[in-house]
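Structural characterization, general
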Amino acid sequence: MPVTDFKVPEKYKYLNGFNAYHETEAVEGALPIGANNPQKAPLGLYNEKLSGTAFTAPRHENQQTWLQRILPASAHSPFEPRESSTYNTNPENKPHEKIHQIPNQLRWDPFDLDETVDWVHSLHLVAGAGDPTMKAGLGIFIYAAGKDMSEREAFYSADGDFLIVPQHGVLDIQTELGNILVRPNEICVIPRGIRYRVTLPQGPVRGYICELYQNHFTLPELGPMGSNGLANARDFQAPVASFVEDHNGENTYTILSKFAGHLFAAEQNHTPFDVVAWHGNYYPYKYDLGRFNTIGSISFDHPDPSIFTVLTAQSEHPGTAIADFVIFPPRWLVAEDTFRPPYYHRNTMSEFMGLIGGEYDGKTAGGFQPAGASLHNIMSAHGPDAVTHEKASNAELKPMKVGDGSMAFMFESCLMVGVTDWGLKKCAKVQPDYNAESWEPLKPHFKRPTPAKIENNLPRNAKGEIGDKGQVPHWTS
Ligand SMILES: [Fe+2]
């Protein structure tokens with residue numbers, strides 16, 4: 001703390017700040033001054049605008065970036081469907097596949113690595129809600145890849161923003177706007193439409209993705225916490241401009257598009273990574289989860305897990321998220337007379353959890369493992385497993401560090417999340433005994449007290465008299 005000690009060193013430079021307006025030039029003088037669309041752009045470049053919100057979105061929501069590039073993104077052949085019978089990541093548009101809406105608590109064993117595929121073909125939709133054609137909802141993916149994308153390929157999703165949570169391996173991401181290295185314990189957001197290519201410098205990779213079909217991620221409000229805390233804006237890193245020159249027409253590049261969940265491909269005879277400079281606030285970025293300033297109780301009880309929100313994407317109702325990205329980082333527990341693990345609860349929100357590494361302090365019986373996952377859907381009851389309850393109910397309540405070397409996270413959504421055939425069956429990772437191992441062993445400890453004992457428990461004043469009736473809890477019998 002407060003930064004992660006990464007095994008793989010950083011290799012790129014970044015611009016710091018969340019939702020900051022950045023300017024970056026790979027060649028001095030490439031950005032026009034005081035205008036976005038001059039008749040002749042500097043250095044013989046093309047002006048191109050990338051809109052992340054409607055032109056007329058309110059100023060505080062408006063996201064756009066101006067690109068100064070060697071050739072516009074539109075210079076390619078028509079898109080053709082590719083792998084149309086097999087490639088489908090749209091949760092609601094699956095003619096051959098049912099989305100399972102089930103109230104069961106689900107937990108998955110670690111998902112397998114797959115060294116036979118590249119990034120584009122590594123995306124397995126596990127669960128989701130809504131429809132990218134309506135710009136509504138979210139998709140939750142597991143990715144597992146072992147191959148670099150081809151040297152002459154770029155991929156983009158027209159469907160939404162990718163929030164990528166690596167669990168294993170390193171992603172070296174070449175984007176139109178510059179390069180980003182993403183390692184486990186870092187996250188990365190690649191907004192809708194930005195073209196990129198993923199290579200794997202340390203071999204196979206595996207992790208989780210939340211694709212947001214509506215809105216964009218932002219930092220949560222801090223309220224009475226003040227102006228710092230949780231994820232601080234300065235710790236988010238955007239790439240600096242970096243470009244390739246390959247425009248003599250000799251090489252063919254493929255642009256892969258995920259559009260309404262399906263894959264399309266177009267060709268062009270010049271590199272798509274030719275943005276020499278850009279300015280704006282619509283760009284990919286990354287964040288080291290080790291920099292999260294964790295806040296918690298220093299008296300009794302603990303706050304709701306929303307206190308651990310890194311990024312949020314709000315629905316139309318402020319405070320109600322299409323997707324919250326929440327982490328459970330290493331932290332000190334000091335609360336007095338408190339059951340310290342998460343409380344038992346049923347939630348109007350759905351909760352998809354994953355584990356990057358270590359052991360999550362809310363589940364210590366061993367079934368929730370790194371690269372595994374769980375889903376507690378709307379109003380599906382959950383909480384600490386029986387082993388954790390037993391330990392926590394009898395633990396000595398001294399200050400205690402939990403989660404050392406661990407990082408669990410949650411995608412929390414106000415939407416009912418359906419599970420795909422792949423997620424429920426084909427991946428063959430669903431644990432049939434989740435409830436039997438977790439909650440069915442819970443024992444009742446209730447003992448009806450005698451009236452004398454009740455009297456002994458009532459609050460008393462300094463003279464030992466039972467207090468004012470207004471302070472006395474009600475009981476029947
Ligand atoms: Fe929960």
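Above this text is the structure in question.
First, a word on what this report is: a plain description of the structure on this page.

Criteria and cut-off values
Residues numbered from 1 in each chain as written. Predicted model: local features only at pLDDT ≥ 70, side-chain atom pairs only at ≥ 80, totals over all residues. Heavy atoms only, no water. Core = buried A, V, L, I, M, F, W, Y, C linked by side-chain atoms within 4.5 Å. Buried < 20%, exposed > 50% of the residue type's maximum accessible area, 1.4 Å probe, protein only. Helix = DSSP H or I, 4+ residues; strand = E, 2+ residues; numbered from the N terminus. Contact = heavy atoms within 4.5 Å. Donors = N, O, S within 2.8 Å, 3.2 Å for Na, K, Ca; no water. Tetrahedral: all angles 85-135°; square planar, octahedral: opposite > 155°, others 65-115°. Patch = residues over 30% accessible without salt bridge, like charges linked within 9 Å, V, L, I, M, F, W, Y side chains within 5 Å. Areas by Shrake-Rupley, 256 points an atom, 1.4 Å probe, with all protein chains shown as cover. Salt bridge = Lys/Arg side-chain N within 4 Å of Asp/Glu carboxyl O. Pairing = 2+ DSSP bridges. Arc of directions from axis to C-beta. Phe/Tyr/Trp six-rings, centres within 6.5 Å; stacked < 30°, edge-to-face > 60°. Lys NZ or Arg CZ within 6 Å of the ring centre and 35° of its normal. 1 Å grid on protein atoms, 1.4 Å probe; cavity = no way out; pocket = protein on both sides within 12 Å on 5 of 7 lines; lining within 4 Å. Points joined across faces, edges and corners; volume = space filled by probe spheres on them. Nonpolar A, V, L, I, M, F, W, Y, C, P; charged D, E, K, R; others polar. Axes fitted to C-alpha atoms, helices over the stretch in contact; angles between N-to-C directions. Polar contact = N/O pair within 3.5 Å; in protein donor to acceptor, adjacent residues only side chain to side chain.

Regarding the nonpolar core
Core analysis: the biggest nonpolar cluster contains 86 residues, and Trp-119, Phe-155, Leu-311 and Phe-325 have the highest contact counts within it. Considering each element in turn, this core owes the most residues, six residues, to strand 8 (residues 136-145). Ignoring any residue separated from it by four or fewer positions in sequence, one finds Phe-155 in contact with Tyr-87, Trp-119, Val-120, Leu-123, Met-149, Phe-162, Ile-194, Arg-195, Tyr-196, Leu-256, Lys-258 and Leu-263. Counting 10 residues, the second-largest nonpolar core is a separate cluster that includes Val-326, Met-353, Leu-355 and Ala-408.

Remarks on the coordination of the iron ion
Note on the iron ion: its protein donors are His-345 (NE2), Glu-351 (OE), Glu-351 (OE) and His-382 (NE2). The metal-donor distances range over 2.1 to 2.5 Å. Its four donor atoms give the iron ion angles of 55 to 144° at the centre, a pattern that matches the irregular case. Expressed as a motif, the donor residue spacing for the iron ion is H-x5-E-x30-H.

Some words on a nonpolar patch on the surface
A cluster of nonpolar side chains, namely Ile-298, Trp-332 and Val-334, defines an oily patch on the protein surface of about 360 Å² accessible area. With respect to the helices, strands and loops of the structure, Ile-298 is situated in the loop between strand 20 (285-288) and strand 21 (309-314).

Section: the pairing of strand 18 (residues 262-268)
Regular strands have side chains that alternate between both faces of the sheet. As judged from the two bridges shared by strand 5 (residues 80-81) and strand 18, these two strands associate in the antiparallel manner. When the bridges of strand 18 are listed, Glu-80 appears paired with Ala-265. Where strand 17 (residues 253-259) meets strand 18, seven bridges bridge the pair, whose relative direction is antiparallel. Residue pairing across strands places Phe-259 opposite His-262, the latter belonging to strand 18. Between strand 17 and strand 18, which pair antiparallel in sequence order, lie two residues; one of them, Ala-260, sits at a positive phi of approximately 55°.

A look at helix 1 (residues 386-394)
Of the residues making up helix 1, those classed as buried are Ala-386, Thr-388, His-389 and Ala-392. Burial along helix 1 is one-sided: seen end-on, the buried residues are contained in an arc of 155°. Close packing links the buried residues of helix 1 with helix 3 (434-438).

Here's the deal with the packing of aromatic side chains
Evaluation of the coordinates by the stated rule reveals 23 aromatic pairs. Ring centres of Trp-108 and Phe-352 lie 5.9 Å apart, and the angle between their planes is 45°; this geometry places the pair in the tilted category. Of the two residues, Trp-108 is situated in strand 6 (residues 106-108) and Phe-352 in strand 24 (residues 350-357); the sequence distance between them amounts to 244 residues. Like Trp-108, the residue Phe-352 is buried in the burial classification. Taken together, a centroid distance of 4.8 Å and an interplanar angle of 55° make the contact between Tyr-434 and Trp-439 tilted. Across the pair, Trp-439 and Tyr-434 agree in class, each one buried. The structure contains a cluster of three or more aromatic residues connected by ring pairs, namely Trp-108, Phe-111, Tyr-208, Phe-325, Phe-352, Phe-409, Phe-411 and Trp-422. The ring of Phe-6 is capped by Arg-183, whose NZ or CZ atom sits 3.8 Å from the centre of that ring.

What to know about the layout of surface pockets
By volume, the second largest pocket is sized at about 710 Å³. Around the second largest pocket, the lining comprises 45 residues; the ones closest to its centre are Phe-308, Phe-328, Arg-331, Leu-333 and Asp-361. Looking at the lining of the second largest pocket, the elements that each hand over two or more residues are strand 23 (331-333), strand 24 and strand 25 (373-376). For the lining of the second largest pocket, the residue count by class is 24 nonpolar, 13 polar and eight charged.

Some words on the sheet that holds strand 3 (residues 46-51)
Within a sheet, each strand pairs with its neighbour through backbone hydrogen bonds, oriented either parallel or antiparallel. As summarised here, the arrangement of the four strands in space is 2-19-4-3, forming an open sheet in which the pairing is antiparallel. Bordering the open sheet on either side are strand 2 (22-25) and strand 3, each of which pairs with just one other strand. When the angles between neighbouring strand axes are averaged without regard to direction, this sheet yields 20°. With six bridges joining them, strand 3 and strand 4 (residues 64-69) adopt antiparallel strand pairing. Bridging from a neighbouring strand, Asn-47 pairs with Gln-68 of strand 4.

Brief notes about the sheet that holds strand 24
Taken together, six strands build an open sheet; the order of strands is 6-25-24-27-22-21 and the sheet is antiparallel. Of all strands in the sheet, those with a lone pairing partner are strand 6 and strand 21, marking the two edges. Ignoring strand direction, the axes of neighbouring strands in this sheet form an average angle of 15°.

Description of the environment of Ser-297
Take Ser-297: it is sitting in the loop between strand 20 and strand 21. According to the relative accessible area criterion, Ser-297 is buried, its value standing at 18%. Counting along the chain gives 107 residues from Ser-297 to Asp-404, while the straight-line C-alpha distance between them is 18 Å. Once residues lying within four places of it in the same chain are set aside, the contact partners of Ser-297 are His-302, Pro-303, Val-334 and Ala-335. Of the polar contacts made by the side chain of Ser-297, one reaches the backbone nitrogen of Ser-299; its length is 3.1 Å.

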